[in-house]
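# Structural overview
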Amino acid sequence: MGLDALPAACYALPALVSLLTVRFFYVLWRSGQPSSRPRAAGLRCLIVLGSGGHTAEMMNIVTTLQKDRFTPRYYVAALTDNMSLQKAQVYEESLIQSGGKKTVENAHFMQIYRSREVGQSYITSIATTLLAILHAMWLVIRIRPQVIFCNGPGTCFPLCVSACLLKVLGLGWSSIFYIESIARVKKLSLSGLLLYKLRIADQFFVQWPQLQQKYPRACYAGRLM
């Protein structure tokens with residue numbers, strides 16, 4: 001029985017690898033193209049919050065979203081970030097006070113392991129990044145976001161990688177929008193550079209024209225702050 005199964009496994013493994021390779025290049029080709037499907041009434045939206053300026057920029061972007069279109073909204077921040085989710089909660093509560101409908105059900109607040117702390121060495125960050133990716137995979141499978149917004153914190157990388165992996169496996173499709181921080185004038189952040197080089201982001205925006213010239217696949221969005 002075991003000997004008979006071995007040749008079958010030898011044939012199945014290359015076929016599986018070939019199938020995943022084809023699917024991977026299909027995802028690369030399909031990413032960034034307009035959807036041919038009719039627009040849904042509400043899109044599950046994953047919003048990645050970093051600390052400090054990252055959160056301020058992202059919340060500024062969130063205020064411009066059509067709330068009835070991007071709903072429900074899932075805000076995700078690092079476990080060690082105690083302020084970002086509070087800002088998101090204050091904003092969502094302000095929508096309720098201004099007469100928003102069903103806003104309580106449409107806003108969710110979650111935390112994730114941070115892939116790399118400020119000042120942490122790159123060697124030790126390998127283990128923490130792997131842990132963050134496993135946690136991110138669980139969150140992405142649970143949420144199944146249709147749209148992801150992120151703007152540079154290290155927290156966004158494992159979430160985007162997990163969403164991309166689900167695309168390749170055919171288990172879900174997320175349109176990833178990456179907006180580089182306005183603080184990045186001459187070069188991309190590490191998260192931005194990885195998402196750009198790996199072509200994970202469906203749409204990649206920068207806020208300085210010289211960055212768009214240096215990274216031609218990026219879109220110049222102008223100042224968003």
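Under an unreviewed UniProt entry, the protein chain has the name UDP-N-acetylglucosamine transferase subunit ALG14 and belongs to Urochloa decumbens. Note on the protein chain: under the UniProt heading Sequence similarities (unreviewed entry), the record states "Belongs to the ALG14 family." Quoted verbatim from the Subcellular location (unreviewed entry) field of the UniProt record, the comment on the protein chain reads "Endoplasmic reticulum membrane".

### Quick look at helix H6 (residues 156-169)
Here H6 spans 20 Å end to end across 14 residues, near enough to the 20 Å set by a 1.5 Å rise per residue. Looking at H6, one finds that the buried residues are Cys156, Phe157, Pro158, Leu159, Cys160, Ser162, Ala163, Cys164, Leu166, Lys167 and Val168. Gly170, located one to two residues past H6, shows a positive phi value of around 75°.

### Concerning the pattern of salt bridges
Here the structure, examined in full by the defined rule, presents two salt bridges. The partner of Arg73 in a salt bridge is Glu92, and the shortest N-O contact between them spans 2.9 Å. Residue Arg73 is located in strand E2 (residues 73-78), and its partner Glu92 is located in helix H3 (residues 84-97); the two are separated by 19 residues in the primary sequence. The class of Glu92 is buried, set by a relative accessible area of 3%. A salt bridge links Asp202 to Lys167, with the nearest nitrogen and oxygen atoms 2.9 Å apart.

Cut-offs used in this document
- Residues numbered from 1 in each chain as written.
- Predicted model: local features only at pLDDT ≥ 70, side-chain atom pairs only at ≥ 80, totals over all residues.
- Heavy atoms only, no water.
- UniProt positions renumbered as here; feature names shortened; annotations may be inferred.
- Helix = DSSP H or I, 4+ residues; strand = E, 2+ residues; numbered from the N terminus.
- Expected span 1.5 Å × (residues − 1).
- Buried < 20%, exposed > 50% of the residue type's maximum accessible area, 1.4 Å probe, protein only.
- Salt bridge = Lys/Arg side-chain N within 4 Å of Asp/Glu carboxyl O.

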